[in-house]
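Notes for the structure review
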Amino acid sequence: MKSLIRSGIALVAAAALGAGMVVGGTALNTEKPNGNGNGLGGQPTTSDQIYLDEIKDYGVCRGVNPECYNEWGRGWEEGEPKRILIWSRTAGPRHAHLGTTLGPGLNPPLNANNVAQSSMIAWAAERGITADYTEDLAQFRPNNYQAVIFLGSNRDTLDDTAQTSLMQYVRGGGGFVGIHNAFGAEYHWPYYEGLLGGANFYNHGPNREGTVEVINGDDVSTSFMPDTWAFKDEWYNLVPYPSYVNVLLEVDQATSEATVQGHGESHPVSWCHYYDGGRAWLTTLGHDVAAWTDAPLPGDEFFQQHVMEGIESAMGIKPFCAA
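Note that the coordinates shown come from a computational prediction; the quantities given were computed from them, not determined experimentally.

**Considerations on the overall build of the protein chain**
When its secondary structure is counted, the protein chain shows five helices and 13 strands. Sorting the 323 residues of the protein chain into buried and exposed places 58% on the buried side. Intrachain contacts of the protein chain at a sequence separation of at least 6 include 70% that bridge at least 24 residues. Of the accessible surface of the protein chain, which amounts to about 12,200 Å², a share of 50% is contributed by carbon and sulfur atoms.

So, in structure tokens, the structure goes:
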């Protein structure tokens, strides 16, 4: 079932909204379409109102109003090297596609089972992007890059210093990409939950086939896709459910057998939004090892292009989060 939260009423397109349009059970206040600093796109801020539909007040601006979005040189500009940082540190269960824990330092030797890191490095190189990678907290320096990719990094993946670095990076107009178990990270840090779109991992069923539905076919990360396509994944249930974001893809509940926990009948799997001055592109897809290798998997070509186009948009190379 396709979501009622259409990309046309995403926060990035708030200026085009009609007065009183309802999103996620509450009406957007279009008098201040780009947010009032409370993460709610102009919603009231009293305690009995800001927690409607599990939407939380993250204390940040969301949108592209100059008060909320900072063009401070974080995005890629013509003639600059294209650089991303892949962060795959896990402080909890480690997905098979990440392989063995990486050694210290920046760009340590990769093992044969570090397939997700290896593939992303190769996919980036095909687009002229240099990808550094690390799981070393001492090397978490996002300011050197146009986008930082949280690739399956989970639980308390950052220490206090790294949390501050990420927050300052995003606030300065940086690009953030969260993939799959990045939704299982930093449970006790509300700022990060807001960066994910006001969403967090709750649970999932067995890895199984499902039908992905394109909700917004105008974004660069979806424009090449058919209306529906088959894929195999762990279909995440999210609590809270993402709010005031531009939903790009969903999985059909009937085919995926995803539960209604946290969602109702709509299950977004990819979305994007502007958050606290930066750009955030998110997907829960990417569990299956075959999605990161040459092993056959229906839909893996769409997944690969989806991820890389999303990264390029977060970097500022291509238009970001089209409504």
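**Quick word on the nonpolar core**
If you look at soluble globular proteins, the nonpolar side chains tend to sit buried side by side. Among the nonpolar cores identified, the biggest contains 45 residues, and I84 and W292 are the most heavily contacted of them. Broken down by element, the residue count for this core peaks at seven residues, all from helix α5 (residues 300–315). Ranked by size, the runner-up nonpolar core spans 33 residues in total, among them W87, A185, Y191 and A199.

**Notes on the pattern of salt bridges**
What the rule picks out here adds up to six salt bridges. With a shortest N-O distance of 2.6 Å, D132 and R83 are connected by a salt bridge. Here D132, found in strand β4 (residues 129–134), pairs with R83, found in strand β3 (residues 82–87); they are 49 residues apart in sequence, far enough to count as distant. Look at the salt bridges and you will find they share partners, linking R127, E309, E312 and K318 into a network.

**Observations concerning the state of the cysteines**
Within this structure, the stated rule accounts for one disulfide. Each sulfur in the disulfide pair C272 and C321 lies 2.1 Å from the other. Of note, the bridge from C272 to C321 carries an S-S torsion of about 95° and is right-handed in sense. With C272 in strand β12 (residues 268–275) and C321 in the segment after α5, the pair connects residues that are 49 residues apart, well separated along the chain. In this structure, C272 and C321 share a single accessibility class: buried.

**Here's the deal with the pairing of strand β11 (residues 246–251)**
Within β11, six of the six residues are buried, leaving the element largely enclosed by the surrounding structure. One ladder, built from three bridges, connects strand β8 (residues 208–214) with β11; its direction is antiparallel. From the neighbouring strand, V212 faces β11, where its bridge partner is V251. Where β11 and β12 come together, four bridges link them in antiparallel fashion. Residue pairing for β12: N246 is matched across the bridge by C272.

**Points about the packing of aromatic side chains**
Overall, the coordinates contain 15 aromatic pairs when judged by the stated rule. Ring plane angle 90° and centroid distance 6.1 Å describe the contact between F176 and Y192, whose orientation is recorded as edge-to-face. Linking F176 in strand β6 (residues 175–179) with Y192 in helix α3 (residues 190–195), this pair joins segments that are 16 residues apart in sequence. As far as burial versus exposure is concerned, F176 and Y192 are alike and both buried.

**A word on α5**
The end-to-end C-alpha distance of α5 is 23 Å, a good match for the 22 Å that 16 residues give at a rise of 1.5 Å each. Most of α5 sits inside the fold, with 13 of its 16 residues counted as buried. Following α5 by one or two positions, G316 has its phi on the positive side, about 95°.

**Here we look at the confidence of the model for the protein chain**
Put simply, the protein chain has an average pLDDT of 79, and 79% of its residues get 70 or more. Overall, residues 1–54 carries pLDDT values under 50, and its contacts beyond four positions in sequence, including any with other chains, amount to 119 contacts.

**Here we look at the packing of helix α1 (residues 115–126) against α5**
With their axes 11 Å apart at the nearest point, α1 and α5 run at an angle of 65° to one another. As summarised for this structure, α1 and α5 are arranged roughly perpendicular, according to the angle between their axes. The handedness of the crossing between α1 and α5 comes out as right-handed. Between α1 and α5, the residues in contact are M120, W123, A124 and E126 and F303, Q304, V307, M308 and I311, respectively. In terms of residue class, the contact of α1 with α5 is made up of seven nonpolar, one polar and one charged.

**Notes on the side chain of D233**
In this structure, D233 sits in strand β9 (residues 228–233). Of the side chains with opposite charge, K232 comes closest to the buried, unpaired D233, at an N-O distance of 11 Å. In contact with D233, other than residues within four places in its own chain, are H180, P206, N207, R208, T284, L285, G286 and H287.

**Some points on the environment of C272**
On the accessibility criterion, C272 (1% relative accessible area) is buried. Through-space distance from the C-alpha of C272 to that of L248 is 7.5 Å; in sequence the pair is 24 residues apart. When near neighbours in sequence (up to four residues on either side) are disregarded, C272 contacts V245, N246, L248, A280, W281, F320 and C321.

**A look at helix α2 (residues 160–171)**
The end-to-end C-alpha separation of α2 is 16 Å, in line with the 16 Å expected for twelve residues at 1.5 Å each. Of the positions making up α2, those classed as buried are A162, Q163, L166, Y169 and V170. Seen from one end, α2 has its buried residues packed into an arc of 130°, which puts them on one side. α2 presents D160 and T161 as exposed residues on the side facing more than 90 degrees away from its buried surface.

What counts as what
Residues numbered from 1 in each chain as written. Predicted model: local features only at pLDDT ≥ 70, side-chain atom pairs only at ≥ 80, totals over all residues. Heavy atoms only, no water. Helix = DSSP H or I, 4+ residues; strand = E, 2+ residues; numbered from the N terminus. Buried < 20%, exposed > 50% of the residue type's maximum accessible area, 1.4 Å probe, protein only. Contact = heavy atoms within 4.5 Å. Areas by Shrake-Rupley, 256 points an atom, 1.4 Å probe, with all protein chains shown as cover. Core = buried A, V, L, I, M, F, W, Y, C linked by side-chain atoms within 4.5 Å. Salt bridge = Lys/Arg side-chain N within 4 Å of Asp/Glu carboxyl O. Disulfide = S-S within 2.5 Å. Pairing = 2+ DSSP bridges. Phe/Tyr/Trp six-rings, centres within 6.5 Å; stacked < 30°, edge-to-face > 60°. Expected span 1.5 Å × (residues − 1). pLDDT = per-residue confidence, 0-100. Axes fitted to C-alpha atoms, helices over the stretch in contact; angles between N-to-C directions. Parallel < 35°, antiparallel > 145°, perpendicular 65-115°, else oblique. Left-handed = near helix turned anticlockwise from the far one by under 90°. Nonpolar A, V, L, I, M, F, W, Y, C, P; charged D, E, K, R; others polar. Lys, Arg positive; Asp, Glu negative; His and termini not counted. Arc of directions from axis to C-beta.

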